[in-house]
Amino acid sequence: MTRRILLVNGPNLNLLGTREPKVYGTDTLADVEALVARMAAEFSLDVRAMQSNHEGEIVDAIHEAREDCAAIIINPGAFTHTSIAIRDAVAGVALPTAEVHISNVHAREEFRRHSYLSDIAACVIVGCGVQGYEFAVRRIATLLAE
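Because the structure is predicted, anything quoted here is derived from the model rather than measured.

So, how was this worked out
Residues numbered from 1 in each chain as written. Predicted model: local features only at pLDDT ≥ 70, side-chain atom pairs only at ≥ 80, totals over all residues. Heavy atoms only, no water. 1 Å grid on protein atoms, 1.4 Å probe; cavity = no way out; pocket = protein on both sides within 12 Å on 5 of 7 lines; lining within 4 Å. Points joined across faces, edges and corners; volume = space filled by probe spheres on them. Nonpolar A, V, L, I, M, F, W, Y, C, P; charged D, E, K, R; others polar. Core = buried A, V, L, I, M, F, W, Y, C linked by side-chain atoms within 4.5 Å. Buried < 20%, exposed > 50% of the residue type's maximum accessible area, 1.4 Å probe, protein only. Helix = DSSP H or I, 4+ residues; strand = E, 2+ residues; numbered from the N terminus. Contact = heavy atoms within 4.5 Å. Disulfide = S-S within 2.5 Å.

## Some points on the layout of surface pockets
And step 1. Empty space within the largest pocket amounts to approximately 180 Å³.
And step 2. Every residue lining the largest pocket is counted, 16 residues in all, and those nearest its centre are Tyr24, Gly77, Ala78, Arg108 and Arg112.
And step 3. Of the residues that constitute the lining of the largest pocket, the class distribution is 6 nonpolar, 7 polar and 3 charged.

See below:
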């Protein structure tokens, strides 16, 4: 069995570190990717990271994960609330998926409280800052060990 996780970060997450630091903190996307890689290594897992502002690229990456990944960690950004296509891709590949949100979406605008992914995700981690990615790796490692 493959020991790789696909890490997906959606639109605007390339701006981490400078975008609304009071909401998203000061860690950059590179910091997040390094954190996930370090955590994954503790569980003998490899990581392939991608970020895109384009829905179709995210769908394609999820489809490709079926070939060489055992699980997905995804922060779909704004696509959380709009993308049935990403939901269908996640459902279609049938890999354990952790949904991560840096901010507490439930304490923000009403439209951010609905996720097209949450009901099919193995876990949803919300409002823990970038530490949520660490929790996601730990949870995915546990699921893969079962």
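## Here's the deal with the nonpolar core
And step 1. Grouped together as the largest cluster of nonpolar side chains are 28 residues, with contacts concentrated most on Val36, Ile73, Ile102, Tyr133 and Ile140.
And step 2. Elements with a contribution of two residues or more to this core: strand 1 (4-9), helix 2 (29-42), strand 3 (71-75), strand 4 (97-101), strand 5 (123-126) and helix 5 (131-145).
And step 3. Ranked by residues supplied to this core, first place goes to helix 5 with 7 residues.
And step 4. Discounting residues that sit within four places of it in the chain, Val36 has contacts with Leu7, Val47, Tyr133 and Val137.

## Comments concerning the state of the cysteines
And step 1. Enumeration over the complete set of coordinates arrives at 0 disulfides.
And step 2. Among the cysteines around Cys69, which has no disulfide bond, Cys123 carries the closest sulfur, lying 16 Å off.
And step 3. Residue Cys69 is classed as buried on the basis of its relative accessible area, which comes to 4%.
And step 4. With no disulfide of its own, Cys128 lies 11 Å from the sulfur of Cys123, the closest cysteine sulfur.

## Brief notes about unusual backbone geometry
And step 1. Phi at Ser44 takes a positive value of approximately 55°, unusual for a residue other than glycine.
And step 2. Note that Ser44 resides in the loop between helix 2 and strand 2 (46-51).
And step 3. Ser44 sits in the exposed class, given a relative accessible area of 57%.
And step 4. Phi is positive for Ala94, close to 55°, though the residue is something other than glycine.
And step 5. With respect to the secondary-structure elements, Ala94 resides in the loop between helix 4 (84-93) and strand 4.
And step 6. For Ala94, a relative accessible area of 62% gives the class exposed.

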